[in-house]
Amino acid sequence: MRIFITGGAGFIGSHLCDYFLARDHHVIAMDNFITGSPDNIAHLANEPRFEFIEQDVTKFIDVPGHIDAVLHFASPASPKSYLDFPIQTMKVGALGTHNALGVARAKGARFLLASTSEVYGDPLVHPQREDYWGNVNPIGPRGVYDEAKRFAEAMTLAYHRQHKLETRIVRIFNTYGPRNALDDGRVVPNFVGQALRGEPLTVHGDGSQTRSFTYVSDLVEGIVRLLRSDELLPVNIGNPNEMTIKQFAERINALTGNKAGIVYKNRPVDDPARRNPDITKARTILGWEPQVSLDAGLEETIAYFDARMQKV
Ligand code: UDP
């Protein structure tokens, strides 16, 4: 297959490039490096089945040749990055999704949208099932991401309904692993970076808010299974092992041997209080379950950040 991946130099996008290249497919990746990084694809420089186009996907996309699948992963995706780039976040979710859908339609390709647990906003239903419509503040600071992804989901299904495009939508919950940007402000790189520097971990609020953490290889496996399935409606891919952020901080300190403890900071506006995926649908339709334990995934991630910090 020839696969076109927007955001191909991003955290998840670059792992998808690796996945398909390792299985003898051709990959064309596009990225403007607004949050992605050339480092994430540097190892592919001499790979003949890999092409890279440096471009903003909100501009008209022209990809030569035949394409079997379009995976639309371009977007700032950490709260810090979508607060830093609010207009670009809205544009990539809206115009970028429209362009990527246009490529899929022109090529007769299957389309997969990277959506997010943020479509549920600060959810009032736990755990979150795909048929929950969410509790989103459209005008808050996170609204730029949440609403862009909600628009993107609606647009994706509009292309399916009007043009009969084969579309898939994955709702991605918090994911971590190598190539998470150290400075993207997310809890995993923040805590691991702080722990490796021997600093206290900055817990927002009292740390009672919950998340669960999916290791990137588990996420990639779920995405690929969804791409190959017949499911048109959104599917949650996330680890259902819910924990408080305080418990998570304590785990990071234990795994790294950091003795500096925790400091408590202000909670960001509209920070969801509880998040946990109901993955019944992924289990039933895709036969998917996370395989990597938190400790095993964190061990890989800590080693990655440690190596990167030595280089800086
Ligand atoms: N968080 C924290 N300290 C940090 C960074 C994040 O306590 O240094 C909290 C954040 O407020 C949220 C959770 O950790 O409750 C996950 O934050 P992240 O930015 O990773 O993504 P989110 O799940 O909010 O999209």
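Notes on the structure in this doc start here. Keep in mind the model is a prediction, meaning the values are calculated, not measured.

Concerning the nonpolar core
- With 55 residues, the main nonpolar core has Leu 16, Phe 20, Leu 71, Phe 73, Phe 191 and Phe 248 as its most contacted residues.
- Phe 4, Ile 61, Leu 157 and Leu 165 belong to the second largest nonpolar core, which has 23 residues in total.

What to know about the pattern of salt bridges
- Evaluated as defined, the whole model comprises 25 salt bridges.
- For the salt bridge of Arg 197 with Glu 199, the shortest nitrogen-to-oxygen distance reads 3.0 Å.
- With a relative accessible area of 48%, Arg 197 lands in the partly exposed category.

Examining the layout of surface pockets
- Computed from the structure, the second largest pocket encloses a volume of approximately 200 Å³.
- Every residue lining the second largest pocket is counted, 13 residues in all, and those nearest its centre are Tyr 132, Trp 133, Arg 150, Glu 153 and Arg 171.
- The element best represented in the lining of the second largest pocket is helix 4 (residues 143-163), accounting for four residues.
- Looking at the lining of the second largest pocket residue by residue, the classes come out as eight nonpolar, no polar and five charged.

Regarding the site of the ligand
- Neighbouring the ligand are 18 residues; Asn 174, Val 187, Thr 202, His 204 and Arg 211 lie closest to it.
- One of the side-chain N or O atoms of Arg 142 is found 3.0 Å from an oxygen atom in the ligand.
- In this structure, an oxygen atom belonging to the ligand sits 2.7 Å away from a main-chain N or O atom of His 204.
- Isolated, the ligand exposes 510 Å² of accessible area, and the fraction of that covered by the protein chains is 96%.
- Counting residues per element, the ones that place at least two in the shell around the ligand are helix 5 (187-196) and strand 8 (201-204).
- Grouping the constituent residues of the shell around the ligand by class yields six nonpolar, six polar and six charged.

Things to note about the sheet that holds strand 5 (residues 110-116)
- One open sheet accounts for seven strands, arranged 3-2-1-4-5-6-11; its pairing is parallel. Looking at strand neighbours, the two that pair on one side only are strand 3 (50-54) and strand 11 (235-237), the edges of this open sheet. If you compare each strand with its neighbour and ignore which way they point, the axes differ by 20° on average.
- Alignment of strand 4 (residues 69-72) against strand 5, held across four bridges, turns out to be parallel. Its bridge partner being in strand 5, Val 70 is matched across the sheet by Phe 111.
- Along the sheet, helix 1 (residues 11-22) contacts strand 1 (2-6), strand 2 (26-31), strand 3, strand 4 and strand 6 (167-172); its crossing angle with strand 1, the most-contacted strand, is approximately 170°.

Quick word on helix 4
- If you check helix 4, its first and last C-alpha atoms are 29 Å apart, about what 21 residues at 1.5 Å a residue would give, namely 30 Å.
- By the burial criterion, the buried members of helix 4 are Gly 143, Val 144, Tyr 145, Asp 146, Ala 148, Lys 149, Ala 152, Glu 153, Met 155, Thr 156, Leu 157 and Tyr 159.
- Immediately downstream of helix 4, the backbone of Lys 164 shows phi near 60°, a positive value.

Here we look at helix 7 (residues 245-256)
- With twelve residues, helix 7 ought to run about 16 Å at 1.5 Å a step, and its terminal C-alpha atoms sit 16 Å apart, in line with that.
- Among the residues of helix 7, those classed as buried are Ile 245, Phe 248, Ala 249, Ile 252 and Asn 253. Buried positions in helix 7, seen along its axis, are confined to an arc of 135° and lie on one side of it.
- Looking one or two places after helix 7, you find Gly 257, whose phi comes out positive at around 70°.

The rules behind the values
- Residues numbered from 1 in each chain as written.
- Predicted model: local features only at pLDDT ≥ 70, side-chain atom pairs only at ≥ 80, totals over all residues.
- Heavy atoms only, no water.
- Core = buried A, V, L, I, M, F, W, Y, C linked by side-chain atoms within 4.5 Å.
- Buried < 20%, exposed > 50% of the residue type's maximum accessible area, 1.4 Å probe, protein only.
- Salt bridge = Lys/Arg side-chain N within 4 Å of Asp/Glu carboxyl O.
- 1 Å grid on protein atoms, 1.4 Å probe; cavity = no way out; pocket = protein on both sides within 12 Å on 5 of 7 lines; lining within 4 Å.
- Points joined across faces, edges and corners; volume = space filled by probe spheres on them.
- Helix = DSSP H or I, 4+ residues; strand = E, 2+ residues; numbered from the N terminus.
- Nonpolar A, V, L, I, M, F, W, Y, C, P; charged D, E, K, R; others polar.
- Near = heavy atom within 4 Å.
- Polar contact = N/O pair within 3.5 Å; in protein donor to acceptor, adjacent residues only side chain to side chain.
- Areas by Shrake-Rupley, 256 points an atom, 1.4 Å probe, with all protein chains shown as cover.
- Pairing = 2+ DSSP bridges.
- Axes fitted to C-alpha atoms, helices over the stretch in contact; angles between N-to-C directions.
- Contact = heavy atoms within 4.5 Å.
- Expected span 1.5 Å × (residues − 1).
- Arc of directions from axis to C-beta.

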